[in-house]
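Report on the structure
Listed below are the residues making up each chain.
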Amino acid sequence: MKTQINKLSLLFIFISLLALTSCEEENNIDALSTFELSGPLLLSPQADFTLNLESQNSNDIVRFEWESANSTGDFLITYTFFIDLLNGDFSEPILSQTTSNNGAETFFELTQGELDVILSNAGFESNEVASVKWGVRAQSINQITEVTSFDINIRRFDAQVPPNSLFIAGDATETGNDISNAIQLRRLPNADGSLTNIFQLYTSLQGGSTYNFYSSQNEDMALTYTSNGENIEIGDAGINVVQTGVYRITVDFNSETLNLFNIDRWSIVGNVIPDGWNGDQALEYQGNGIWQSTIELIDADPGDANKRFIFRANEDWEQVLKIIPESTNELAFEATAGEFGYTSLEDVPVSNLGFRLITLSLNGNGFSFTNELGEEEEEETPLETPDQLYLSGSATETGSDVSNALLMNRLINEDGSESEIFEIFTSLTGGESYNFFDENIAESISYTVNSGTLELGNNPIDVSETGIYRVTVDFNNATVALFQITNWSIVGNVIENSWNGDEPLDYQGNGIFQASINLIDADPGDDNKRFIFRANEDWALVFKEIPETDMELAFEGTAGMFGYTQLDDISVSNLGTQQITLTLNGSGYSYTIN
């Protein structure tokens with residue numbers, strides 16, 4: 001009987017708990033559906049306030065504040081801060097940001113420089129008074145208030161000022177298009193620690209793709225910069241990369257210029273490597289502006305107790321990095337040291353010989369090195385450059401029969417020696433594939449691409465989009481680059497609109513572009529009748545004639561790499577309708593006028 005009473009008691013307790021839980025859940029549901037949320041009360045800056053931004057105070061903080069919103073429920077309230085044009089409704093604001101502390105803070109801060117960038121991106125000119133409104137929206141659970149706002153006036157900087165930071169992003173870069181992952185350039189310092197308006201980065205760029213510079217990794221607060229050749233300016237047009245490679249990128253906001261310098265290699269030179277100061281031990285590029293190799297440091301000069309080395313690019317004594325005195329591992333560029341106030345730089349001292357892991361870091365974190373204990377590594381056999389190179393596959397103009405493969409042009413240096421670079425202009429079919437071959441026979445050696453690197457193998461290389469391409473194979477850097485050609489044309493004072501004109505050539509196949517063009521005297525004041533070949537209506541993609549040759553051409557953008565100090569416009573002796581042929585295939589780069 002007692003057991004039965006206990007069971008009834010337990011049953012009663014269980015039913016009571018269920019009922020209590022049900023009531024609590026019902027009360028919570030009622031609270032969610034019935035609580036009210038009022039908008040925040042804006043405090044500062046007040047309505048109609050005028051804020052004058054000053055470039056010399058670009059790092060000063062501008063603070064927007066408001067009182068907390070009121071809620072009849074005991075739930076967390078978060079806030080979104082907005083800036084919009086006066087005629088805007090906050091659906092497409094010029095700035096929209098959640099406040100700090102996951103949206104819980106009742107203020108929003110940004111620098112004068114960031115605010116000036118936002119207004120610039122909204123279309124306001126320097127020194128213009130921007131009439132805008134700032135506002136705040138509160139949210140708690142499923143309740144969202146309307147945006148509470150004040151109209152204010154903000155005068156922009158009296159002139160466009162250099163950014164405090166600079167980043168690079170785009171398809172051509174190592175981190176792609178996402179601005180939040182953009183690579184930071186280093187703002188070069190003077191010897192006294194003050195910052196210059198010169199930014200620099202060592203990084204790889206992919207040929208046939210584009211990039212831009214940004215003042216911030218926050219898209220809403222970033223100015224976008226482009227280049228029309230050598231000049232840097234505000235704009236979002238992508239900057240074309242002609243040739244895949246590793247570059248030193250220098251952006252100088254004092255002169256408003258952009259300079260790219262191709263880095264073939266970084267190495268160490270000194271009395272701790274074979275051949276001493278006449279030697280050269282290369283470092284391997286790892287990405288993110290870092291070169292690294294394990295090198296055996298030896299006593300190459302027993303008569304010199306001061307063991308040391310320097311970093312040198314491209315085996316060029318004008319491209320040397322040395323250590324900054326009184327620093328542990330910071331480096332500066334010797335050729336420009338004086339411009340930054342350095343009176344002397346020093347060789348890198350070596351205290352321990354043997355296998356050392358040498359790391360050279362040249363990125364947004366600074367220019368520095370480390371010299372650590374390393375282990376002996378097995379040498380990789382470099383890819384041997386063939387005497388000739390062919391292109392074959394289902395994507396090509398001649399199909400998959402290697403006996404019909406397209407011969408590529410081995411580019412020639414100015415002194416007549418053969419380079420390690422092969423090139424061809426040809427059409428490729430999207431959705432198909434190709435490979436490279438050292439001969440046009442079945443037993444030939446084949447080459448493929450693995451993670452962007454040229455290597456031996458027959459895995460097919462896929463083509464994503466049908467088009468005409470400049471295909472470049474560089475055995476020195478083991479790279480393959482495809483650059484799409486939308487058109488070739490002639491530009492000069494023998495066509496309508498002269499140097500502002502453009503007369504297209506039609507693609508005939510096998511790297512040949514041709515058209516019958518009426519050559520005229522478009523500039524009677526200039527007796528030197530001439531033209532150049534230009535691709536994609538881009539002045540960075542120009543072919544000119546090699547002096548003292550029979551109608552042979554070279555690419556102006558990379559002429560210096562092959563030792564050409566000068567290229568010439570193409571002279572025209574006869575006007576009237578002429579058949580102009582541009583040949584860019586395995587037979588070489590040339591033209592005819594008939």
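On a predicted model such as this, the values are computed, not experimentally measured, just so you know.

Thoughts on the overall build of the protein chain
Each helix and strand in the protein chain was counted, giving two helices and 47 strands. A globule of 594 residues ought to have a C-alpha radius of gyration of about 25 Å, yet the protein chain, at 33 Å, is considerably larger. If one aligns the C-alpha atoms of the protein chain with their principal axes, the spans along those axes are about 110 × 70 × 70 Å. Every one of the 594 residues in the protein chain was classed for burial, and the buried ones make up 46%. Of the accessible surface of the protein chain, which amounts to about 29800 Å², a share of 43% is contributed by carbon and sulfur atoms. Here the protein chain holds 22 positive side-chain charges and 92 negative ones, and the gap between their average locations is 7 Å.

Overview of the layout of surface pockets
Reported here for the second largest pocket is a volume of approximately 1400 Å³. Around the second largest pocket sit 45 residues that line it, and Val242, Leu260, Glu556, Gly557 and Thr558 are the ones nearest its centre. When residues of the lining of the second largest pocket are traced back to their parent elements, those giving at least two are strand S15 (224-227), strand S17 (239-240), strand S19 (257-263) and strand S32 (418-428). When the residues that make up the lining of the second largest pocket are grouped by side-chain class, the tally is 20 nonpolar, 19 polar and six charged.

Focus on the confidence of the model for the protein chain
Here the protein chain shows a mean pLDDT of 90. Residues at 70 or above account for 93%. Scored below 50 in pLDDT, residues 1-5 makes zero contacts in the model with residues more than four places away or belonging to other chains. Counting interchain partners and residues more than four positions distant, the pLDDT-below-50 stretch residues 17-30 has zero contacts.

Digging into the side chain of Thr244
With respect to the secondary-structure elements, Thr244 resides in the loop between S17 and strand S18 (245-252). The exposure class assigned to Thr244 is buried, which follows from its relative accessible area of 12%. Side chain to side chain, Thr244 and Gln206 meet in a polar contact 3.3 Å long. Within the structure, Thr244 has its side chain in polar contact with the backbone nitrogen of Gly207 (distance 2.7 Å). Ignoring any residue separated from it by four or fewer positions in sequence, one finds Thr244 in contact with Leu205, Gln206, Gly207, Thr479 and Ala481.

A word on the sheet that holds S18
One open sheet accounts for four strands, arranged S12-S13-S18-S19; its pairing is antiparallel. A single partner strand is all that each edge strand has here, and the edge strands are strand S12 (186-189) and S19. Here the strands of the sheet are splayed against their neighbours by 30° on average, with no regard to which way each runs. Two elements, S18 and S19, share seven bridges in a ladder whose sense is antiparallel. Note on S19: the bridge partner recorded for Ile249 is Leu260.

Details of helix H2 (residues 112-121)
With respect to burial, H2 is a largely interior element, eight of its 10 residues being buried. Within the sequence span of H2, burial applies to Gln112, Gly113, Leu115, Asp116, Val117, Ile118, Leu119 and Ser120. At the C-terminal side of H2, Gly123 shows a positive phi close to 105°.

Definitions and limits used
Residues numbered from 1 in each chain as written. Predicted model: local features only at pLDDT ≥ 70, side-chain atom pairs only at ≥ 80, totals over all residues. Heavy atoms only, no water. Helix = DSSP H or I, 4+ residues; strand = E, 2+ residues; numbered from the N terminus. Rg over C-alpha atoms; globule rule 2.2 N^0.38 Å. Buried < 20%, exposed > 50% of the residue type's maximum accessible area, 1.4 Å probe, protein only. Areas by Shrake-Rupley, 256 points an atom, 1.4 Å probe, with all protein chains shown as cover. Lys, Arg positive; Asp, Glu negative; His and termini not counted. Charge placed at Lys NZ, Arg CZ, Asp CG, Glu CD. 1 Å grid on protein atoms, 1.4 Å probe; cavity = no way out; pocket = protein on both sides within 12 Å on 5 of 7 lines; lining within 4 Å. Points joined across faces, edges and corners; volume = space filled by probe spheres on them. Nonpolar A, V, L, I, M, F, W, Y, C, P; charged D, E, K, R; others polar. pLDDT = per-residue confidence, 0-100. Contact = heavy atoms within 4.5 Å. Polar contact = N/O pair within 3.5 Å; in protein donor to acceptor, adjacent residues only side chain to side chain. Pairing = 2+ DSSP bridges. Axes fitted to C-alpha atoms, helices over the stretch in contact; angles between N-to-C directions.

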